[in-house]
Amino acid sequence: IVVGFGRVGQAVAKGVLDLGTPCLVIDKSRELEQTIRDAGCVSLVGDASDEDDLVEAGIHRAKALVAAAEQDDINLVVTLTARALRADLRIVSRVNESAWRDRIVRAGADAAQSPYPSYGSSLATSALSPGVLDMHPLPLLGLGTEEIEIREGSPLIGRRLAEVGEVSRGVHIVGLRRDNRLQRWHDVDGEIAEGDVLVALGTPEFLRALSFGTDLPQLTD
């Protein structure tokens, strides 16, 4: 679910569709209804700060919600409303002024991101890749950096950082965060463990594969 179909909302919706995931857009403007459909999304004319409209949008079966409205206060209320309806929903919010970032996170957002259009695919990836804690695109290079949390059952557990970097196509492992301490990749001693956070640089498709622990056939004993 994407809330708002302005410049950022359009970029997010495109990013979601590019990931092969169906996208529903909620916007108050009926004039945008056909434009949203032409973009390949399902359109719902409504107010995402209203519980009934979120239920109609299918929040109880949605994979994630991106609050991409132009006003920070609206995104905060949308986040609060969505979190009240679903405690387990992945919520990513646009934030315009840095002072609102912590407020929106406290309201229940899993991540709050800058509003620039180049962050559209970043917001989509953050929403749809459960292990991604944060992503910062480098649009001129076609690259992005991600912080990827190593969760229970990850095939990366027990591997050395250098090994993962060698076999992960299109990805460079630049560091690891453990116990709130960031270490450069060549300073990391020992094996990757549950709860570690990898800092990786690469193209979006390879970063997604790494975050899901897929497409790593060479990681064999």
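What you see is a predicted model; the values in this text were computed from it and never measured.

(A) A look at the pattern of salt bridges. In total, this model carries seven salt bridges according to the counting rule given. Across the pair Glu33 and Arg37 runs a salt bridge whose closest N-O atoms are separated by 3.0 Å. One end of the pair is Glu33 and the other is Arg37, both in helix H2 (residues 33-38) and four residues apart, which spans about a single turn. Overall, the relative accessible area of 17% leaves Glu33 in the buried class. Because the salt bridges share partners, they merge into one network encompassing Arg30, Glu33 and Arg37.

(B) Layout of helix H1 (residues 7-18). The end-to-end C-alpha distance of H1 is 17 Å, a good match for the 16 Å that 12 residues give at a rise of 1.5 Å each. Considered for burial, the residues of H1 that qualify are Val8, Gly9, Val12, Ala13, Gly15 and Val16. Looking straight down H1, one finds its buried side chains confined to an arc of 160°; they lie on one side. The outward face of H1, more than 90 degrees from its buried face, is lined by the exposed residues Arg7, Lys14 and Asp18. Once H1 ends, the next one or two residues include Gly20, with phi positive near 80°.

(C) Fine view of the layout of surface pockets. One number sums up the size of the second largest pocket: a volume of about 230 Å³. Lining of the second largest pocket is provided by 17 residues; of these, Val3, Gly4, Asp27, Lys28 and Ala69 occupy positions nearest its centre. Within the residue set of the lining of the second largest pocket, elements represented by two or more residues are strand E2 (24-27) and helix H4 (72-85). Per-class residue counts for the lining of the second largest pocket are eight nonpolar, five polar and four charged.

(D) The arrangement of the nonpolar core in detail. If you look at the biggest cluster of nonpolar residues, it comprises 23 residues, and the most contacted ones within it are Ile1, Ile26, Leu54, Ile59, Leu65, Ala82 and Leu89. Looking at which element gives the most residues to this core, the answer is H4, with four residues. Ala82 has contacts with Leu54, Ile59, Leu65, Leu89 and Ile91, leaving out every residue within four places of it along the chain.

Conventions used here
- Residues take numbers from 1 onward in each chain, read along the sequence in its written order.
- Reporting of local features is limited, given that this is a predicted model, to residues whose pLDDT is at least 70; pairs of side-chain atoms are given and counted only at 80 or more, and all residues count toward the totals for whole chains, interfaces and linings.
- Think of the side-chain values as coming from all heavy atoms in the structure, minus any hydrogens and water.
- Should a side-chain nitrogen of Lys or Arg be within 4 Å of a carboxyl oxygen of Asp or Glu, the pair is scored as a salt bridge.
- A run of H or I in DSSP becomes a helix once it reaches four residues, and a run of E becomes a strand once it reaches two; helices and strands are each numbered from the N terminus.
- Here's how the labels work: a residue is buried when its accessible area is under 20% of the maximum for its type, exposed when over 50%, partly exposed in between, all with a 1.4 Å probe on protein chains only.
- Each helix should span, by expectation, one fewer than its residue count multiplied by 1.5 Å.
- By construction, the arc corresponds to the directions joining the helix axis to the C-beta atoms.
- Throughout, the protein atoms alone are placed on a 1 Å grid, and a set of points is a cavity if a 1.4 Å probe fits but cannot get out or a pocket if it is open with protein on both sides within 12 Å along at least five of seven lines; lining residues have an atom within 4 Å of a point.
- Grid points are joined across faces, edges and corners, and a volume is the space filled by probe spheres set on the points.
- Here the nonpolar group is Ala, Val, Leu, Ile, Met, Phe, Trp, Tyr, Cys and Pro; Asp, Glu, Lys and Arg are the charged ones; every other residue, Gly included, is treated as polar.
- In this description, a nonpolar core means a group of buried Ala, Val, Leu, Ile, Met, Phe, Trp, Tyr and Cys residues linked to one another through side-chain atoms lying within 4.5 Å.
- Two residues qualify as a contact provided that any one of their heavy atoms is within 4.5 Å of a heavy atom in the partner residue.

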